[in-house]
Amino acid sequence: MLQIARWKITLILLAVLAAVVVTIPNFFPAATVAEWPGWLPRKQVVLGLDLQGGAYLLYEVDRTDYVEKRLRALVSEVRTAMLESPRIGYTGLGIQGQGVQFRVRDLDRLADVRQRLEPLRNPLNANLLAGTGGVREFDATVNDDGLARLTYSDAGLSERVRGIVAQSIEVINRRINELGTTEPSIQRQGEDRILVEAPGLGDPERLKALVGQTAQLTFHLVEGQMNDQQAQQTPPQTGTVRFPLVDDPSSIFEVADVPLMTGEDLVDAQTGFDQQTSQPVVNFRLTTSGARKFGDVTSANVGRLFAIVLDDEVISAPVIREPIRGGSGQISGSFTVESANDLAILLRAGSLPAKLTIIEERSVGPGLGADSIEAGKIAAVIGTIAVALFMLAAYGFFGLIANVAVIVNVTIIVAILTQLGATLTLPGIAGIVLTIGMAVDSNVLIYERVREEFKQGRTAIAAIDIGFKRALGTIIDANITTLIAAVVLFFLGSGPIRGFAITYMFGIGTTMFTAITFTRMVIALWVAARRPKLIPI
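This is a predicted model, so every value here is computed, not measured.

Definitions and cut-offs
- Residues numbered from 1 in each chain as written.
- Predicted model: local features only at pLDDT ≥ 70, side-chain atom pairs only at ≥ 80, totals over all residues.
- Heavy atoms only, no water.
- Helix = DSSP H or I, 4+ residues; strand = E, 2+ residues; numbered from the N terminus.
- Rg over C-alpha atoms; globule rule 2.2 N^0.38 Å.
- Buried < 20%, exposed > 50% of the residue type's maximum accessible area, 1.4 Å probe, protein only.
- Contact = heavy atoms within 4.5 Å.
- Areas by Shrake-Rupley, 256 points an atom, 1.4 Å probe, with all protein chains shown as cover.
- Lys, Arg positive; Asp, Glu negative; His and termini not counted.
- Charge placed at Lys NZ, Arg CZ, Asp CG, Glu CD.
- Core = buried A, V, L, I, M, F, W, Y, C linked by side-chain atoms within 4.5 Å.
- Expected span 1.5 Å × (residues − 1).
- Salt bridge = Lys/Arg side-chain N within 4 Å of Asp/Glu carboxyl O.
- Pairing = 2+ DSSP bridges.
- Axes fitted to C-alpha atoms, helices over the stretch in contact; angles between N-to-C directions.
- Phe/Tyr/Trp six-rings, centres within 6.5 Å; stacked < 30°, edge-to-face > 60°.
- Parallel < 35°, antiparallel > 145°, perpendicular 65-115°, else oblique.
- Nonpolar A, V, L, I, M, F, W, Y, C, P; charged D, E, K, R; others polar.

Trainee: Which parts of the structure should I look at to understand the overall build of the protein?
Mentor: Scanning the protein from terminus to terminus reveals 15 helices and 19 strands. Relative to the globule expectation of 24 Å for 537 residues, the C-alpha radius of gyration of the protein, 33 Å, shows a markedly less compact shape. Its C-alpha atoms give the protein principal-axis dimensions of about 105 × 65 × 40 Å. Looking at the protein as a whole, 43% of its 537 residues are labelled buried. Counting contacts in the protein only where the partners sit at least 6 residues apart, residues at least 24 apart contribute 67% of the total. Accessible surface for the protein amounts to roughly 26,800 Å². Of this, 56% is attributable to carbon and sulfur atoms. Charge-centre separation for the protein: the mean point of 48 positive side chains lies 11 Å from the mean point of 53 negative side chains.

Trainee: Hey, could you run me through the nonpolar core in this one?
Mentor: Generally speaking, soluble globular proteins have nonpolar side chains that are buried together. Membership of the largest hydrophobic core comes to 43 residues, with the highest contact counts inside it found for Met 82, Phe 102, Val 113, Leu 117 and Ile 172. Excluding residues within four positions of it along the chain, Val 113 makes contact with Met 82, Ile 88, Phe 102, Val 104, Val 142 and Ala 148. Ranked by size, the runner-up nonpolar core spans 27 residues in total, among them Leu 210, Phe 284, Phe 335 and Leu 347.

Trainee: Help me out: how do you make sense of helix α11 (residues 337–349) in this one?
Mentor: Helical geometry: 3.6 residues make up each α-helical turn, so side chains three or four residues apart lie on a common side. Its 13 residues give α11 an end-to-end C-alpha distance of 18 Å, which sits within 8% of 18 Å, the value for a rise of 1.5 Å per residue. Among all positions of α11, only Ala 340, Asp 342, Leu 343, Ala 344, Ile 345, Leu 346, Leu 347 and Ala 349 are buried. Just past α11, the residue Gly 350 takes up positive phi, approximately 95°.

Trainee: How should the pattern of salt bridges be read in this particular structure?
Mentor: Where side chains of opposite charge bring their charged atoms close, a pairing between them can arise. For the structure shown, the criterion picks out 22 salt bridges. The salt bridge partner of Arg 193 is Glu 60, with a shortest N-O separation of 3.4 Å. Placement of the pair is Arg 193 in strand β8 (residues 193–199) and Glu 60 in strand β2 (residues 54–61), with a sequence separation of 133 residues. With a relative accessible area of 33%, Arg 193 lands in the partly exposed category. One salt bridge connects Arg 70 with Glu 137, and the closest N-O pair in it is separated by 3.3 Å. In this pair, Arg 70 is assigned in helix α4 (residues 63–83) and Glu 137 in the loop between α6 (126–129) and β5 (138–142), connecting sequence segments 67 residues apart.

Trainee: What's the story with the sheet that holds strand β17 (residues 328–331) in this structure? I'm lost.
Mentor: In sheet architecture, strand pairing relies on hydrogen bonds along the backbone and comes in two forms, parallel and antiparallel. The three strands lie next to each other as β13-β14-β17, forming an open sheet whose pairing is antiparallel. Both edges of this open sheet fall to β13 (266–273) and β17, since each of them pairs with a single strand only. Looking at each pair of strands side by side, their axes are set apart by 25° on average, direction ignored. Both strand β14 (residues 280–286) and β17 contribute to a ladder of four bridges, which runs antiparallel. Pairing of Val 282 across the sheet is with Ile 331, part of β17. Lying on the sheet, α11 is in contact with β13, β14 and β17; it crosses β13 at an angle near 170°.

Trainee: Just to check I follow, could you spell out the pairing of strand β11 (residues 248–256) for this structure?
Mentor: In summary, the side chains of a regular strand alternate between the two faces of the sheet. Bridge analysis of strand β9 (residues 217–227) against β11 gives five bridges, and the strand direction is antiparallel. Bridging from a neighbouring strand, Val 222 pairs with Val 255 of β11. Pairing of strand β10 (residues 240–245) with β11, which is carried by six bridges, proceeds in the antiparallel orientation. The residue bridging Leu 245 from the neighbouring strand is Asp 248, located in β11. Between β10 and the antiparallel strand that follows it, β11, lie two residues.

Trainee: I tried to follow the packing of aromatic side chains on my own but got confused; where do I start?
Mentor: What describes a pair of aromatic rings is the distance from one ring centre to the other and the angle between the planes of the rings. Following the criterion strictly, the structure yields 14 aromatic pairs and no others. Ring geometry for Phe 398 and Tyr 447: centres 5.2 Å apart, planes at 45°, overall tilted. You can see Phe 398 sitting in helix α12 (residues 366–420) and its partner Tyr 447 sitting in helix α13 (residues 426–455), a full 49 residues away along the chain. For Phe 398, a relative accessible area of 1% translates into the label buried.

Trainee: What is the right way to read the packing of helix α14 (residues 460–492) against helix α15 (residues 496–530) from this model?
Mentor: Close contact between α14 and α15 brings their axes to 9 Å; oriented N to C, the two are set at 170°. By the criterion of interaxial angle, the relationship of α14 to α15 is roughly antiparallel. Classifying every residue of the contact of α14 with α15 by side-chain character gives 24 nonpolar, four polar and two charged.

Trainee: How should the environment of Ala 55 be read in this particular structure?
Mentor: Tracing the backbone shows Ala 55 in strand β2. Overall, Ala 55 belongs to the buried group, its relative accessible area being 1%. Sequence separation of Ala 55 and Thr 10 is 45 residues, and the distance between their C-alpha atoms is 46 Å.

Trainee: Would you mind going over the sheet that holds strand β3 (residues 90–96) with me for this structure?
Mentor: One open sheet accounts for four strands, arranged β3-β4-β6-β5; its pairing is antiparallel. Unpaired on one side and paired on the other, β3 and β5 mark the two borders of the sheet. Here the average twist between neighbouring strands, direction ignored, is 10°. Relative to strand β6 (residues 147–152), β5 is paired through five bridges, and the arrangement is antiparallel.

Trainee: Mind showing me how you'd approach the side chain of Asp 192 here?
Mentor: Note on placement: Asp 192 falls in the loop between β7 (185–189) and β8. Here Asp 192 is in contact with Tyr 59, Glu 60, Val 61, Arg 63, Val 161 and Val 165, once residues within four sequence places are set aside.

The values reported here are purely geometric and, on their own, carry no functional implication.
Below, the structure written as structure tokens:
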């Protein structure tokens, strides 16, 4: 047991040395580390929200808002489907509850209506597209009296919301990355919630504005312009919707309900300045197909107003003075440099598929984060000193070896966190402090077993050998049961609890390494050098 091959000793020492090298950058400021030569390690532990401050936002998909917009689009789809040749006459097309309904005039055409509505039910997964069953977004019913309805199915809405959350996470991630925030955390919470954590962000309000804005950009031809009083007195024309001007909500634009282009036709958006007014603007560039559509529309509608709508508000409504065929354009308005830059970020990152509502928000200042780090340091230092003093008092020279093993243990944990880019939180520090106690606990099991064997009359070397052998099973059992608890915490917990579970699991693994390999190696080398007659406990 105490005979360790040289190659094993070499591997153990190399592992410890690698951990030390990876950990070193954490003891220096980030600016200093950035100036190091490229061959030196530069990664540092990522501090969580509670340690360096930042913003915590919990969003929920606004199902009501999404359903309303989706049904509005569905009305246009139904109208188009019924007008296909040969045309099917209908009346009363509109939104009712969570669906769209209309009445067919010619009852002999009900079979044709069912056939045309079938594609509008919208398959939502690959199985259905392959013809092997699945979920459709809408249920379609056509009664014998001519009443036809497309209504949201429960399974269809749930499947759509799950897709919205997944797509929203991608869009939010692109937006925050363009903002320059380091190591944001964006996670799904339940079926329809998204957790956003942005450590180190100094302006949480700007983050809220960027993340929460749907940024659904559409381009419409203007059918009419009026004030808010006129809009209240007259209903909109068929096939139109009304949006207020963002700078003057009392000015209302009536535009075609089907947009000529959407934000999906954009390929790029950058901040610039108007050459005549020197005001900040957003210059956009269109895809090839978008440029073709833009050119056709502007050619056919010279002299008309062309509304640029962002999230149901008209941000600009320029007059089409001449055909625009270059595939690029400009969005102007009452922008500041920052607001123009934020709009460019939103357009580049893409629009959210649905509105997100904040249901919980927290802002942690950097001062509070610094206090948390200081408190964590004090707790770690006091805990380590107390454990080290106890081990020295109880086990003497073997206690000193255990203390060295604890230092190696913590070093390896920090190295793993650094290399994997895991986020260290205040509960994570608590997990490291708890690991210190666990690490010496394994040594206590070994040393007490060694002491018992020596008291039973075995030689010092035999007692050490048998003590390590017989304590090994107990150490493994204890750490496996603890690991099970940590895994459960990780998968069932959230936020701070998961941060604690991660460092706790790493600590369990490093404790096994230091107790079974490192401590045994050091004691084996000491035994080989001294050939002791007594146990130094």
